Amino acid sequence: MEISVRQQQDKAALTVGQPPRQYLTFTLNGEMYAVETLSVKEIIEYGAPTVVPMMPASVRGVINLRGAAVPVFDLGIRFNTGPTEAQRRSCIIIVESIDGEDGTGGHVFGLIVDAVNAVLEISAADIEPPPAFGASIRSDFIAGMGKVDGRFVILLEIGRVLSADELAATAS
């Protein structure tokens, strides 16, 4: 599907004056993903989480983070691309998902990834809408496709990926 000149002009008008946003990029099963740095609390060395019985398969367990039990998700399982195997560069990204429209009700989660790459600034003009088809993960998990150095980075909508309601439904 080709984008018309009018659509390109409309997109350019919407993105003028918006500062670039920062994204933490990481690899998972050979794909590059990114989450907005505003949702990232910290990055920690991979340590095997404590398994919790009767949880969805995508929840690998919990870790103790300064006295709090933090659930750890395997995005490979969540995206149906297979479980993430711990490697030398594997780590856990601690993110906060905001539930409410007013920015309240956040939950803290850990995400197992193969490797953290870099923090990149991506301008709104360099972000395309999620593809309607052909993506390896659900389109509602994708906030957009960021263009970086001639290739695309999948920008995740972390609130949707880690939707508490949907995860609760998969547990039953």
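About the criteria used
Residues numbered from 1 in each chain as written. Predicted model: local features only at pLDDT ≥ 70, side-chain atom pairs only at ≥ 80, totals over all residues. Heavy atoms only, no water. Helix = DSSP H or I, 4+ residues; strand = E, 2+ residues; numbered from the N terminus. Buried < 20%, exposed > 50% of the residue type's maximum accessible area, 1.4 Å probe, protein only. Contact = heavy atoms within 4.5 Å. Pairing = 2+ DSSP bridges. Axes fitted to C-alpha atoms, helices over the stretch in contact; angles between N-to-C directions. Phe/Tyr/Trp six-rings, centres within 6.5 Å; stacked < 30°, edge-to-face > 60°. Salt bridge = Lys/Arg side-chain N within 4 Å of Asp/Glu carboxyl O.

K.L.:
Describe the overall build of the protein, with residues and values.
P.N.:
Within the protein, the secondary structure is distributed over four helices and eleven strands. Within the span of the protein, comprising 172 residues, buried residues form 37% of the whole. A separation threshold of at least 6 residues defines the contact pool for the protein, and within that pool the share at least 24 residues apart is 54%.

K.L.:
Outline the sheet that holds strand S7 (residues 107-113), listing residues and values.
P.N.:
Note: strands within a sheet are paired through backbone hydrogen bonds, in either parallel or antiparallel orientation. A sheet is described by the order of its strands in space; here five strands give the open sequence S3-S6-S7-S5-S4, paired in mixed fashion. In this open sheet, the two edge strands, each paired with only one partner strand, are strand S3 (40-45) and strand S4 (59-65). In this sheet, adjacent strand axes meet at a mean angle of 30° when their direction is disregarded. Summarising the sheet, strand S6 (residues 91-97) and S7 pair through seven bridges and their orientation is antiparallel. The residue bridging Ser 97 from the neighbouring strand is His 107, located in S7.

K.L.:
Give a detailed account of the sheet that holds strand S9 (residues 127-128), specifying residues and quantitative values.
P.N.:
Pairing within the open sheet is mixed, and its six strands lie in the order S8-S1-S2-S11-S10-S9. On the outer flanks of this sheet lie strand S8 (115-122) and S9, each paired with one strand and no other. One ladder, built from two bridges, connects S9 with strand S10 (residues 142-148); its direction is antiparallel. Within S10, the residue paired with Ile 127 across the bridge is Gly 146.

K.L.:
An account of the packing of aromatic side chains is needed here, citing residue identities and associated values.
P.N.:
What describes a pair of aromatic rings is the distance from one ring centre to the other and the angle between the planes of the rings. Scanning all chains against the criterion turns up four aromatic pairs. Note on Phe 26 and Tyr 33: the rings are 5.9 Å apart at their centroids and 25° apart in plane angle, and the pair reads as stacked. Of the two residues, Phe 26 and Tyr 33, both sit in the buried class. Taking the centre distance of 5.1 Å and the plane angle of 70° together, the rings of Phe 73 and Phe 109 count as edge-to-face. Of the two residues, Phe 73 sits in strand S5 (residues 68-74) while Phe 109 sits in strand S7, which places them 36 residues apart along the sequence. Like Phe 73, the residue Phe 109 is buried in the burial classification. In this structure an aromatic cluster arises from ring pairing among Phe 26, Tyr 33, Phe 79 and Phe 141.

K.L.:
Please set out the pairing of S6 residue by residue, giving values where relevant.
P.N.:
With six of its seven residues buried, S6 lies for the most part within the structure. Both S3 and S6 contribute to a ladder of five bridges, which runs antiparallel. Each residue of the ladder has a partner; that of Glu 42, found in S6, is Ile 94.

K.L.:
Provide a residue-level description of the environment of Gln 87, including the pertinent values.
P.N.:
Looking at the element boundaries, Gln 87 is found in the loop between helix H2 (75-78) and S6. Here the alpha-carbon distance between Gln 87 and Ala 115, two residues 28 residues apart in the chain, equals 8.6 Å.

K.L.:
Just give me the short version of the pattern of salt bridges, but keep the residues and values in it.
P.N.:
In total, this model carries five salt bridges according to the counting rule given. In this structure, the salt-bridge partner of Arg 66 is Glu 42, at a minimum N-O distance of 2.4 Å. One end of the pair, Arg 66, is in the loop between S4 and S5; the other, Glu 42, is in strand S3, and 24 residues separate them in sequence. Residue class for Glu 42 comes out partly exposed when judged on its relative accessible area of 22%. A salt bridge links Lys 147 to Glu 128, with the shortest nitrogen-to-oxygen separation between them at 3.3 Å. With a gap of 19 residues between them, Lys 147 in strand S10 and Glu 128 in strand S9 connect regions that are remote in the sequence.

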